[in-house]
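What the coordinates show
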Amino acid sequence: MSTALRVLLVEDSKGDANLIVLELQDSGYDPEFERVDTPEAFRAALTRQTWDVIICDYFLPGFSGLDALAMVQESDLDLPFIIVSGVIGEDVAVAAMRGGAYDYVMKDKLVRLGPAVQRALQEAEERRARKRSEEALEKQRAFLQQVIDINPHFIFAKDREGRFTLANEAFAKAYGATVEVLLGKTDADFNPNQDIVERYRCEDLAVIESNQELIVPEDRVVNIHGEELWRHTIKRPIVGEDGQVHQVLGVVIDITDLKQVQQSLAEARDQALEASRLKSQLLANVSHDLRSPLGAILGHTEMLQAGIYGPLSEPQYEATTRIIAGVDQLLGFINNLLGQAQIEAGKVVLRIESFTPEELLEAIHATTTILAKAEGLELITDVAPDMPATLSGDLYWLQQILANLASNAIKFTKRGTVRVYIYQADEAFWAIEVSDTGCGIPAEAQSYIFDAFRQVDGTATRRQHTGSGLGLSIVKQLTTLMGGKVTLTSELGEGSTFTVLLPLKPMWRETE
Amino acid sequence: MTNDALSEKPLALIIEDNPEQATIFTQALQMAEFETEVIQDGQAALDRLAVVVPALVVLDWQLPYVSGDDILRRIRADERLTKTRVILATASSVMAGLLREKSDFVLIKPIGFYQLSHLAARLRSSE
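Residues numbered from 1 in each chain as written. Chains lettered and ligands numbered in written order. Predicted model: local features only at pLDDT ≥ 70, side-chain atom pairs only at ≥ 80, totals over all residues. Heavy atoms only, no water.

1. Some words on the overall build of chain B
Scanning chain B from terminus to terminus reveals 5 helices and 5 strands. Helices and strands in chain B line up, N terminus first, as β-α-β-α-β-α-β-α-β-α. Looking at chain B residue by residue over its 127 residues, the buried ones come to 53%. Summarising the internal contacts of chain B: among those between residues at least 6 apart in sequence, 60% fall at separations of at least 24. On chain B, roughly 5,800 Å² of surface is accessible, and the fraction owed to carbon and sulfur atoms is 50%. (Helix = DSSP H or I, 4+ residues; strand = E, 2+ residues; numbered from the N terminus. Buried < 20%, exposed > 50% of the residue type's maximum accessible area, 1.4 Å probe, protein only. Contact = heavy atoms within 4.5 Å. Areas by Shrake-Rupley, 256 points an atom, 1.4 Å probe, with all protein chains shown as cover.)

2. So, the sheet that holds strand S1 (residues 3–10) of chain A
Residues and elements named next belong to chain A. In spatial order, the strands read S2-S1-S3-S6-S7; together these 5 strands make up an open sheet with parallel pairing. Each edge of the sheet is formed by a strand with only one pairing partner; in this case those strands are strand S2 (29–36) and strand S7 (103–106). Going across the sheet, the axis of each strand differs from the next one's by a mean of 25°, ignoring polarity. Across 4 bridges, S1 lies against strand S3 (residues 53–57) in parallel orientation. The residue of S3 that forms the bridge with leucine 8 is isoleucine 54. Across the face of the sheet, helix H1 (residues 14–26) comes into contact with S1, S2, S3 and strand S6 (81–85) while running at roughly 160° to S2. (Pairing = 2+ DSSP bridges. Axes fitted to C-alpha atoms, helices over the stretch in contact; angles between N-to-C directions.)

3. Here's the deal with the sheet that holds strand S9 (residues 164–167) of chain A
All names here are of chain A. In space, the 5 strands of this open sheet follow the order S9-S8-S12-S11-S10, with antiparallel pairing throughout. Either end of the sheet is taken by a strand with one partner, and the two such strands are S9 and strand S10 (214–222). Between one strand axis and the next, the sheet turns through 25° on average, direction left out of account. The pairing of strand S8 (residues 154–159) with strand S12 (residues 245–254) spans 6 bridges and is classified as antiparallel. Note on S12: the bridge partner recorded for isoleucine 155 is valine 251. Its contacts with the sheet place helix H8 (residues 194–210) against S8, S10, strand S11 (228–239) and S12, and it is angled at close to 170° to S10.

4. Remarks on the side chain of A:Lys259
Residue and element names in this part refer to chain A. Here lysine 259 shows up in helix H9 (residues 256–305). A distance of 2.6 Å separates the side chain of lysine 259 from the side chain of glutamate 218, its partner in a polar contact. Residues contacting lysine 259, with those up to four places away along its chain left out, are Glu218 and Trp230. (Polar contact = N/O pair within 3.5 Å; in protein donor to acceptor, adjacent residues only side chain to side chain.)

5. Describing the pairing of strand S18 (residues 485–491) of chain A
Bridge count between S18(A) and strand S19 (residues 495–503) of chain A: 7 bridges; the pairing is antiparallel. Residue pairing across strands places A:Thr487 opposite A:Thr499, the latter belonging to S19(A).

6. Quick look at the pattern of salt bridges
Residue and element names in this part refer to chain A. Inspection of every chain in the model, using the stated rule, returns 37 salt bridges over all chains. A salt bridge links arginine 132 to glutamate 125; its shortest N-O distance comes to 3.6 Å. With relative accessibility at 48%, the residue arginine 132 sits in the partly exposed group. The closest approach of N and O atoms between glutamate 161 and arginine 163, which form a salt bridge, is 3.3 Å. A cluster of three or more residues bridged by salt bridges with shared partners is formed by Lys158, Asp187, Arg199, Glu203, Asp204, Asp219, Arg231 and Lys235. (Salt bridge = Lys/Arg side-chain N within 4 Å of Asp/Glu carboxyl O.)

7. Let's talk about the packing of aromatic side chains
Under the defined criterion, the tally for this structure stands at 14 aromatic pairs over all chains. Ring centres 6.1 Å apart and planes at 85° place the aromatic pair A:Phe450 and A:Phe498 in the edge-to-face group. Taken together, the positions of A:Phe450 in the loop between helix H13 (443–446) and helix H14 (453–456) and A:Phe498 in strand S19 put the pair 48 residues apart, joining distant regions of the chain. The buried category is assigned to A:Phe498, whose relative accessible area is 2%. What links up through ring pairs into an aromatic cluster is the set A:Phe154, A:Phe156, A:Phe164, A:Phe171, A:Tyr175 and A:Phe190. We note A:Arg419 situated over the ring of A:Tyr421; from NZ or CZ to the ring centre the distance is 4.5 Å. If you follow B:Arg124 out to its NZ or CZ, it ends over the ring of B:Phe34, 6.0 Å from the centre. (Phe/Tyr/Trp six-rings, centres within 6.5 Å; stacked < 30°, edge-to-face > 60°. Lys NZ or Arg CZ within 6 Å of the ring centre and 35° of its normal.)

8. Topic: H1(A)
All names here are of chain A. An ideal rise of 1.5 Å per residue puts 18 Å on 13 residues; H1 measures up with 18 Å between its terminal C-alpha atoms. By the burial criterion, the buried members of H1 are Ala17, Ile20, Val21, Glu23 and Leu24. Viewed end-on, H1 has its buried residues packed into an arc of 160°, placing them on one side of the element. For H1, the secondary structure elements touched by its buried residues are S1, S2, S3, S6 and helix H5 (113–149). Residue serine 13 occupies the N-cap position of H1, its side-chain oxygen lying 3.3 Å from the main-chain nitrogen of glycine 15. Of the residues one or two after H1, glycine 28 is the one with positive phi, at around 100°. (Expected span 1.5 Å × (residues − 1). Arc of directions from axis to C-beta.)

9. Topic: the interface of chain A and chain B
Facing 28 residues of chain A, the contacting portion of chain B comprises 20 residues. Around 2,200 Å² of area is buried between chain A and chain B when both sides are counted, 61% of it from carbon and sulfur atoms. On the chain A side of the contact with chain B, A:Arg291, A:Arg351 and A:Tyr396 bury the most area, a combined 25% of that side's loss. Summed over the shared surface of chain A and chain B, the result is 1 salt bridge. We note a salt bridge from A:Glu362 to B:Arg122, for which the minimum N-O separation is 2.1 Å. Summed over the shared surface of chain A and chain B, the result is 6 residue pairs in polar contact (both at pLDDT 80 or more). At 12 residues, the largest contribution of residues to the side of chain A that touches chain B is made by H9(A). In terms of residue class, the side of chain A that touches chain B is made up of 12 nonpolar, 7 polar and 9 charged. (Buried area = accessible area lost by both parts, 1.4 Å probe. Nonpolar A, V, L, I, M, F, W, Y, C, P; charged D, E, K, R; others polar.)

Printed below as a string of structure tokens:
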């Protein structure tokens, strides 16, 4: 079976043309051909249709094989071009081959034409295939470039000598160049800072030699403008087809902004911590400075009252009681202020120690009793007979809870009794119950009565009584810290009962 | 100088550098039937503790020269003083929490006359 072949014949002799066609037929082709013998006809034939091969006589009147060849080259058509000639010297043949001819065949050895055409077609096909794959490759490369160009981080690859084999726009821009300019050059061509360039080089070689990924979470470098940058770097070896590493692939993320934010955050945090520390220090100092004179006032007043400085008249005795009550209020306020500061700072250290219910009641024995008496109230303290002899917990803070509840009860009770009762509530909890015969607390107030001072600051008018408004808030917060809870029952005009339930076996972790 | 061997009342050492405070402590402890002696600095306190065996020491935690901690440790290490009860006085509620395990009692300043007197009397009666 013959192979179809579209042949453009450049030949002035019809006879020669026939010989050529016959020869092709003999070689197994089924030629469909057109014969031209002028440049115009040749050009027209080239543009009109697609050809598989051009077979061209060397000498034509007013036209030559080399002219035809030049026209094919100009037209950018990749067509096998074979010269067939009667008289052709070796020098002409070489010139034709250099000009882009595929082959040349002597007219007296036309038998070579078939194989020559076959080889030419084969080569042309191979060339076309190569071109197609090159085009595909170029498309892919362009796509890859687009992918890395859209990335705002620096992306690049370098070979063993440090020459860039790949770079994205962001990276080239950082070097004040274009990607095209960058390729084939090294860091040293752009960055004047030798130390930095040397550092990059060491990193690259380390990756290539070790075949290991390198991650530098953050470090400081200098850019080409001498500006300091913070960067996060990832470098990976690229393994070639031979299994060896010849290149390093790098991604660098500029984290300068992030570092600046981090730094200002850290500064702000340090300032806040310092302010908080100063506040604590101030509170501690104030506390200390208040306690010493209060000690003198309290001690001497109590001594006066006890008759150490001689007998007192009844009004004098009454006055000492008032002074002691005032000191007690002031002290309660200082303790609450400090307690609130400690709670806010998360600095309350709860300890677990053994104590007796009586030791707890000492919190209100001396001064609170005097205070109650001064208000004309009866203060009763009771411990249930089935109460364990010793309890576990933090005595200091429990005393503060009790002192707050007791002074609160005294403050809001005009007449009658304030009763403190310590009992075991159930298997797991014991209770401090403080009840009074005071004015009671309206239902709507019961929900916010435990709120801290600062939260009720704006509505301070609802408090007609003296006090910081911290007492009950501290009671609630401390009780919660201790794993207990506070309940309140109250009836207007009848009185209130605060009950603090506390675990018999405290679970908070003992520190120190 | 007090001779505790001849005295009927037990001896209480008040180690406190603030004279105002020392006066109040003295009166409170005398009311609780203690013989009292005031020492104003830590070194003098150590010297005195090497000689006498007090039933009770009221110890200010913040003393000049020798800290309350050093004195407390010396008392605890001295076999002669195993029966000596120590009441620590501190102005810091935070310290109070930490010190409670080390001493028999911790009182937070301001320490009332009645408060100390009642506590001392209770200690005496429980002897």
